[in-house]
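A look at the structure
Now for the letters of each chain:
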Amino acid sequence: MNNLFKDVQTIVNSGKDGIYTMSDKLNAMGHKDAEYISASGIRYVKVTYKGTPHYVIAKSGVEIDADTQIIGPYAVGVV
């Protein structure tokens, strides 16, 4: 199984394109249901990881809790 957090870190480290292409890159890395969503001015990626929906969103747009990892400009975790 792919590690979502490590894969997001790899994408961030590449320094290219940001959230707009994150779902395509995650799909290419084996996260087959990664989906880019833009609603009400909020952009994020929804992807199932270990059977649970996870979200990649700008860290400024969420309250950080113990289940959230900060990876570069993003918060990755469960809502």
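Attention in this report is confined to the structure presented alongside it. Since we're looking at a predicted model, the values are computed, not measured.

Quick notes on the pattern of salt bridges
In the structure shown here, the tally under the stated rule is one salt bridge. Among the salt bridges present, the one from K25 reaches D17, with a minimum N-O distance of 3.6 Å. The exposure class of K25 is partly exposed, given its relative accessible area of 23%.

Thoughts on the sheet that holds strand β5 (residues 74-77)
In spatial order, the strands read β1-β2-β3-β5-β4; together these five strands make up an open sheet with antiparallel pairing. A single partner strand is all that each edge strand has here, and the edge strands are β1 (35-39) and β4 (69-71). Neighbouring strand axes in the sheet, compared pairwise and without regard to direction, differ in orientation by 25 degrees on average. Where β4 lies against β5, three bridges are found, and the strand directions are antiparallel. Paired with I71 across the strands is Y74, a residue of β5.

Comments concerning the nonpolar core
L4, V8, M22, L26, V45, V56 and V76 are the most contacted members of the largest nonpolar core, which totals 15 residues. The set of elements that each furnish at least two residues to this core consists of α1 (4-14), α2 (22-28), β2 (42-49) and β5. If you tally residues by element for this core, the top one is α1, at four residues. Residues within four places of L4 in sequence aside, it is in contact with L26, H31, V47, Y49, H54 and V76.

Here we look at α1
Within the sequence span of α1, burial applies to L4, F5, D7, V8 and I11. Viewed along the axis of α1, the buried residues span an arc of 165 degrees, placing them on a single side of the element. In α1, the exposed positions that point more than 90 degrees away from the buried face belong to K6 and N13. Against the buried residues of α1 lie α2, β2, β3 (52-58), β4 and β5. A side-chain oxygen of the first residue of α1 lies 3.0 Å from the backbone nitrogen of F5; this N-cap is N3. Just beyond α1, the residue with positive phi is G15, at close to 70 degrees.

Criteria and thresholds
- Residues numbered from 1 in each chain as written.
- Predicted model: local features only at pLDDT ≥ 70, side-chain atom pairs only at ≥ 80, totals over all residues.
- Heavy atoms only, no water.
- Salt bridge = Lys/Arg side-chain N within 4 Å of Asp/Glu carboxyl O.
- Buried < 20%, exposed > 50% of the residue type's maximum accessible area, 1.4 Å probe, protein only.
- Pairing = 2+ DSSP bridges.
- Helix = DSSP H or I, 4+ residues; strand = E, 2+ residues; numbered from the N terminus.
- Axes fitted to C-alpha atoms, helices over the stretch in contact; angles between N-to-C directions.
- Core = buried A, V, L, I, M, F, W, Y, C linked by side-chain atoms within 4.5 Å.
- Contact = heavy atoms within 4.5 Å.
- Arc of directions from axis to C-beta.
- Polar contact = N/O pair within 3.5 Å; in protein donor to acceptor, adjacent residues only side chain to side chain.

Everything listed here is a matter of coordinates, which is why it stays silent on function.
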